[in-house]
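Residues per chain, in single letters:
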Amino acid sequence: MRYREICPAVFLARPNRFVAQVERNGRVETVHVKNTGRCKELLLPGCTVYLERSGNPARKTGFDLVAVEKVRPGLPPLLVNMDAQAPNKVFGEWMAAGLGEALGLPRPDLLRPEKTWGNSRFDFYWEKSRGVGEVETDVLRETRPEGLCGGLGLRGFVEVKGCTLEEDGLALFPDAPTLRGAKHLRELAACREAGYEAAVCFVIQMAGMSAFSPNDRTDPEFGRALRAAAGAGVKVLAVECAVTQDSLTMTRLVPVRL
């Protein structure tokens with residue numbers, strides 16, 4: 001995905017989770033922050049951030065803060081995309097381009113965002129027709145929803161999580177306790193039990209990571225839920241991205257350490 005009209009600025013302060021104060025072209029401006037997470041290790045006074053100009057003239061803030069150069073003592077700054085909407089966009093682009101097989105997911109015949117199942121709503125739902133000679137299990141046949149696959153296909157759900165926290169090259173999620181995140185994992189395990197394929201994909205919004213792990217120190221319940229989901233057959237994927245000032249592109253799987 002690409003941004004338009006990107007410009008650099010210097011981060012000054014974050015009065016609340018929705019806005020930040022930055023210095024741009026010698027002037028102090030208030031900008032919208034496209035991530036309501038804490039991001040305390042990223043948004044340090046004096047760091048360089050990147051802004052996208054808003055296309056809405058009626059907005060109070062003329063720019064969105066979408067990326068930051070993370071300060072690392074003794075190392076070059078790490079460019080981190082912190083747009084909370086970007087992970088779903090780049091994952092959708094990846095799947096729509098037929099690249100899901102690189103993640104152990106199919107090339108779908110149908111890809112639908114924001115799909116409700118029971119009391120849950122997941123980021124993506126997919127369907128894939130089976131080839132000639134492939135055998136469908138009884139549980140799949142009995143639990144199949146209405147859709148293009150009929151009785152000859154697979155279908156599944158994917159929940160996407162954006163990851164912006166790193167420590168010494170290890171990507172970690174979450175950066176703050178998340179009851180909602182653990183709930184999504186339990187619901188994915190229930191989907192798997194009902195006969196669906198299920199996966200959680202952590203889109204790492206930075207490059208150069210050695211591995212991904214749950215952040216047990218910050219949210220041990222999420223770590224327990226992730227390990228339980230993996231044990232129930234939910235695929236746990238972590239994909240890092242190439243990040244530039246004006247783009248974000250998924251590139252490669254990184255090892256998952258549970």
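Data block above holds the structure.
About the thresholds
Residues numbered from 1 in each chain as written. Predicted model: local features only at pLDDT ≥ 70, side-chain atom pairs only at ≥ 80, totals over all residues. Heavy atoms only, no water. Helix = DSSP H or I, 4+ residues; strand = E, 2+ residues; numbered from the N terminus. Expected span 1.5 Å × (residues − 1). Buried < 20%, exposed > 50% of the residue type's maximum accessible area, 1.4 Å probe, protein only. Arc of directions from axis to C-beta. Contact = heavy atoms within 4.5 Å. Salt bridge = Lys/Arg side-chain N within 4 Å of Asp/Glu carboxyl O. 1 Å grid on protein atoms, 1.4 Å probe; cavity = no way out; pocket = protein on both sides within 12 Å on 5 of 7 lines; lining within 4 Å. Points joined across faces, edges and corners; volume = space filled by probe spheres on them. Nonpolar A, V, L, I, M, F, W, Y, C, P; charged D, E, K, R; others polar. Core = buried A, V, L, I, M, F, W, Y, C linked by side-chain atoms within 4.5 Å.

Draft legend 1. Highlighting helix H4 (residues 220-231). An ideal rise of 1.5 Å per residue puts 16 Å on 12 residues; H4 measures up with 17 Å between its terminal C-alpha atoms. Taken as a whole, H4 has its buried residues at Phe222, Gly223, Ala225, Leu226 and Ala229. For H4, the buried positions fall inside an angular range of 165° around the axis, keeping them on one side. Away from the buried face of H4 by more than 90 degrees, exposed residues Ala228 and Gly231 are located. Buried residues along H4 sit against strand E11 (170-173), helix H3 (179-193), strand E12 (197-204), strand E13 (211-214) and strand E14 (235-244).

Draft legend 2. Representation of unusual backbone geometry within the structure. In this structure, Pro174 follows Phe173 across a cis peptide bond, with omega equal to 0°. If you check the backbone angles, Asn25 has positive phi at about 55° while not being a glycine. As for its position among the elements, Asn25 is in the loop between strand E2 (19-24) and strand E3 (27-33). A positive phi angle is found at Glu114, which is not glycine, with a value near 50°. Within the element layout of this structure, Glu114 appears in strand E7 (residues 110-117).

Draft legend 3. Structural context of the environment of Ala182. Counting through the fold element by element, Ala182 comes out in helix H3. On the basis of relative accessibility, which here comes to 3%, the residue Ala182 falls in the buried class. Sequence spacing of Ala182 and Phe222 is 40 residues, and the spatial spacing of their C-alpha atoms is 5.0 Å. Once residues lying within four places of it in the same chain are set aside, the contact partners of Ala182 are Glu221, Phe222 and Ala225.

Draft legend 4. Spotlight on the pattern of salt bridges. Taken as a whole and judged by the stated rule, the model has 15 salt bridges. Taking the shortest distance from any N to any O, the salt bridge between Glu197 and Lys235 comes out at 3.5 Å. In this pair, Glu197 sits in strand E12 while Lys235 sits in strand E14, placing the two residues 38 residues apart along the sequence. Ionic contacts of the salt-bridge type, sharing partners, join the residues Arg186, Glu221 and Arg224 into one network.

Draft legend 5. Region of the structure containing the layout of surface pockets. Taken as a whole, the largest pocket spans an internal volume of roughly 990 Å³. Forming the walls of the largest pocket are 40 residues, and the residues nearest its centre are Ala84, Lys161, Gly162, Phe173 and Arg180. Elements that contribute at least two residues to the lining of the largest pocket include exactly E3, helix H1 (86-96), strand E8 (120-129), strand E9 (153-163), E11 and H3. When its residues are assigned to classes, the lining of the largest pocket shows 13 nonpolar, 14 polar and 13 charged. One number sums up the size of the second largest pocket: a volume of about 150 Å³. In this structure, the second largest pocket is lined by Lys70, Val71, Arg72, Pro73, Leu75, Glu166, Asp168, Gly169, Gly208 and Met209. The greatest single-element share of the lining of the second largest pocket, amounting to three residues, is contributed by strand E5 (residues 63-72). Taken together, the residues that form the lining of the second largest pocket break down as four nonpolar, two polar and four charged.

Draft legend 6. Summary view of the nonpolar core. Counting residues in hydrophobic clusters, the biggest one holds 46 residues, and the most contacted among them are Val49, Leu51, Phe202, Ile204 and Phe212. Ranked by residue count, the leading element in this core is H3, at five residues. One finds Phe91, Val158, Val203 and Cys241 within the second-largest nonpolar core, a separate group that totals 26 residues.

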